[in-house]
Number of protein chains: 2
Amino acid sequence: MRTYLDCIPCFFKQALEASRLAGASKSTQKKILRKIAQGLPSLSLKKTPPEMGQAIYGQVAKMTKKKDPYLKIKQKSNRLALRLYKKLKNKVSSSKDSLLVALELAIAGNIIDYGVKNSLNVTEELDKILRYEHKLIGKESKKFFDYETFRKKLKKSKTILYLGDNAGETVFDRIFIEEIKKKYPKKRVLYAVKEKPIINDALAKDAYFCGIHKSAEIISSGLDLPGTVLPKCTPAFRRIFNKADIIISKGQGNFEALGKRGNLFFLFMAKCPVVARHVGCNIGDIILLQNKKM
Amino acid sequence: MRTYLDCIPCFFKQALEASRLAGASKSTQKKILRKIAQGLPSLSLKKTPPEMGQAIYGQVAKMTKKKDPYLKIKQKSNRLALRLYKKLKNKVSSSKDSLLVALELAIAGNIIDYGVKNSLNVTEELDKILRYEHKLIGKESKKFFDYETFRKKLKKSKTILYLGDNAGETVFDRIFIEEIKKKYPKKRVLYAVKEKPIINDALAKDAYFCGIHKSAEIISSGLDLPGTVLPKCTPAFRRIFNKADIIISKGQGNFEALGKRGNLFFLFMAKCPVVARHVGCNIGDIILLQNKKM
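Report follows, based on the coordinates. Not measured: the values here are computed from a predicted model. (Residues numbered from 1 in each chain as written. Chains lettered and ligands numbered in written order. Predicted model: local features only at pLDDT ≥ 70, side-chain atom pairs only at ≥ 80, totals over all residues. Heavy atoms only, no water.)

Now for the interface of chain A and chain B. With 19 residues of chain A at the interface, the matching set in chain B holds 19 residues. Taking both partners together, chain A and chain B bury about 1,700 Å²; carbon and sulfur atoms supply 69% of that area. Summed over the three residues of chain A that lose the most area to chain B, namely Leu5, Pro9 and Lys30 of chain A, the buried surface amounts to 31% of that side. Linking chain A with chain B are two salt bridges. The closest approach of N and O atoms between Asp6 of chain B and Arg20 of chain A, which form a salt bridge, is 2.8 Å. (Contact = heavy atoms within 4.5 Å. Buried area = accessible area lost by both parts, 1.4 Å probe. Salt bridge = Lys/Arg side-chain N within 4 Å of Asp/Glu carboxyl O.)

As structure tokens, then:
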């Protein structure tokens, strides 16, 4: 997905938010906004939003000298989600279609990201997910939730590449992967994380902390931007990407970054008006769509 | 109120919105955003948001060559609100405290502004107001709704200066003014509008169209910015401002523009997070506060 003009105000908002998280003084915050403004004339709207994100968050890191301003948020998200692990597992195991429920929870887990960044009560939201009361659970928006196609493709696949998104959400991914492995023990699952800190995206240490390694191989995409922009990934990662039978791509950032490629399924919650408009869904909708249908 | 750093992303958003309303091409929209970005280094946060608004909307008007991009929106708002006039009057006359209800409706009428600019269903919102079901009606947020002080001050005043806000909302203002005149026929009411188009703010023609002249004298502040920035008003208007016994200031823009001055009552709906935080209320709260308490 290319960058829309509507993304520009949001870049400033994100820069301000990240500057504050990095503990920047008001004067530094203003300087950062100025720097972003200076970069505007050379902005190419052909770049994807995650590439823009890299430039913006990179600028914030440089000017605040904080390489990982979201560290505490990531740690908090991991802890919050891990605390729910047992309850989530019970939820899944007591359901009729445990794969579907695990899948829905994995997408709903994306709310953590939204929550931590928007002062939403994360615990409350997670409770809603647990009680299955969350109004956004996929079944209600069937148009964008193609479970059948996904299920069939998954069954046939040997190697599954799972592109992770945010810290915390990783626990929900783990439960989904565990469900896949329970149903298909012989399938190989690779879980891709970012190489360096970018916003609250999961790094290898987050994936390990959340226990992903118990059912999947953790690999790095080599990236420090908030979406899988393939030309910027390591050659090793690209080889895995190209060979995988199915790619489960989590989150808006990966959706924004990846073009039309086969075997790709996007799983995300539409969190911004630009993405929602691009997809044709509503903000808050839970999306499971095969790439070719986008 | 000074401009906060959080206003900066919003300036870009407003510029984009206004550019589109003015029918600008994508390339012009981008040029406008660049121009706003170029102005950022010289931006003084000591200026009030309406002063910034003047610069931004002025830039859009200049670059799109459209002096009044909100013209159609204003006309639509006037028509929508006028259609409700009789129903609103019945609502007021059938209530126990008709002045209070007219006052609450006048503030709730501020939703039109929010609606037309944010694709909210205006008719639906107005219906809610009519059914008195609107969750935001003042009584629920008493902390920011000082009716008693206002009522006492109004009773003692001879000359009332009413600072209008948006087109459409003007119908609600008219009903409130009619209620004041019904209760106190001898009081003189002056209704101030903007001199030149700025966003969807009411001009003299909007006030006449909505029938304000039947119970108040319509005067111009001389302004082309979205809030009563006194040093920029005409000397004639400032004399009226300084002599008025009570000033009823409608809308966020006037609240943002006016500093600590006596006899001022702010009536508005808190529509943005920055204003809500500044006041200490929630977004959507209906505010009636004497200036000295802010």
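Now that the structure is up, let's keep going.
Let us look at the environment of Phe265 of chain A. Residue and element names in this part refer to chain A. Checked against the element boundaries, Phe265 lands in strand 5 (residues 264-269). Through-space distance from the C-alpha of Phe265 to that of Lys250 is 8.5 Å; in sequence the pair is 15 residues apart. Phe265 has contacts with Thr149, Phe150, Lys153, Ile246, Ile247, Ile248, Ser249, Leu288, Leu289 and Gln290, leaving out every residue within four places of it along the chain. (Helix = DSSP H or I, 4+ residues; strand = E, 2+ residues; numbered from the N terminus.)

Turning our attention to the sheet that holds strand 1 (residues 159-163) of chain A. All names here are of chain A. Read from one edge to the other, the open sheet built from six strands follows the order 3-2-1-4-5-6, with strand pairing classed as mixed. Unpaired on one side and paired on the other, strand 3 (217-220) and strand 6 (286-290) mark the two borders of the sheet. Put simply, the sheet's adjacent strands are angled 20 degrees from each other on average, direction ignored. Judged from the five bridges that link them, strand 5 and strand 6 form a sheet pairing that is antiparallel. Considered in strand 6, the bridge of Phe268 is made with Ile287. (Pairing = 2+ DSSP bridges. Axes fitted to C-alpha atoms, helices over the stretch in contact; angles between N-to-C directions.)

This part is about the nonpolar core. Leu161 of chain A together with Leu161 of chain B are the most contacted members of the largest nonpolar core, which has 108 residues in total. Leave out the neighbours within four places in its chain, and Leu161 of chain B touches Leu190, Ala192, Ile219, Phe237, Ile240, Phe241, Ala244, Ile246, Ile247 and Ile248 of chain B. (Core = buried A, V, L, I, M, F, W, Y, C linked by side-chain atoms within 4.5 Å. Buried < 20%, exposed > 50% of the residue type's maximum accessible area, 1.4 Å probe, protein only.)

Enumeration according to the criterion identifies 22 salt bridges over all chains in this entry. Notably, a salt bridge pairs Glu179 of chain B with Lys182 of chain B, separated by 3.8 Å at the nearest N-O pair. Here Glu179 of chain B pairs with Lys182 of chain B, and both are found in helix 10 (residues 169-183), just three residues apart, close to one helical turn. Classification of Glu179 of chain B as buried rests on a relative accessible area of 5%. The class of Lys182 of chain B is exposed, set by a relative accessible area of 57%. Through salt bridges with shared partners, a single ionic network connects Asp6 and Arg277 of chain A together with Arg20 of chain B.

In this section: helix 9 (residues 147-156) of chain B. An α-helical turn contains 3.6 residues, so a residue and the one three or four places further along point in the same direction. Residue and element names in this part refer to chain B. Those residues of helix 9 lying buried are Tyr147, Phe150 and Leu154. Buried residues of helix 9, seen end-on, are gathered within an arc of 65 degrees and therefore sit on one face of the element. Of the exposed residues in helix 9, the ones pointing more than 90 degrees away from its buried face are Lys152, Lys155 and Lys156. Considering only its buried residues, helix 9 is in contact with helix 6 (98-108), strand 1 (159-163), helix 10, strand 4 (246-250), strand 5 (264-269) and strand 6 (286-290). (Arc of directions from axis to C-beta.)

With that settled, consider the side chain of Asp201 of chain A. Residue and element names in this part refer to chain A. Within the element layout of this structure, Asp201 appears in the loop between strand 2 (188-193) and helix 11 (204-209). Overall, Asp201 belongs to the buried group, its relative accessible area being 2%. Within the local environment of Asp201, its side chain forms a polar contact with the side chain of Lys194, the two groups lying 2.9 Å apart. Look past the residues within four positions of Asp201 in its chain and what remains in contact with it is Lys74, Asp165, Asn166, Ala167, Lys194, Asp206, Leu225, Pro226 and Gly227. (Polar contact = N/O pair within 3.5 Å; in protein donor to acceptor, adjacent residues only side chain to side chain.)

Another point: the pairing of strand 1 of chain A. All names here are of chain A. Of all five residues in strand 1, four are buried; the element is thus mostly enclosed. Sheet topology note: the strand 1/strand 2 ladder contains five bridges and is parallel. Paired with Leu163 across the two strands is Ala192, which belongs to strand 2. Handedness of the strand 1-helix 10 (residues 169-183)-strand 2 crossover: right-handed. Bridge count for strand 1 against strand 4 (residues 246-250) is four bridges, and the pairing is parallel. Counterpart to Tyr162 in the pairing with strand 4 is Ile248. (Right-handed = clockwise from strand over helix to strand, strands pointing away.)

These figures come from the coordinates and say nothing about function on their own.
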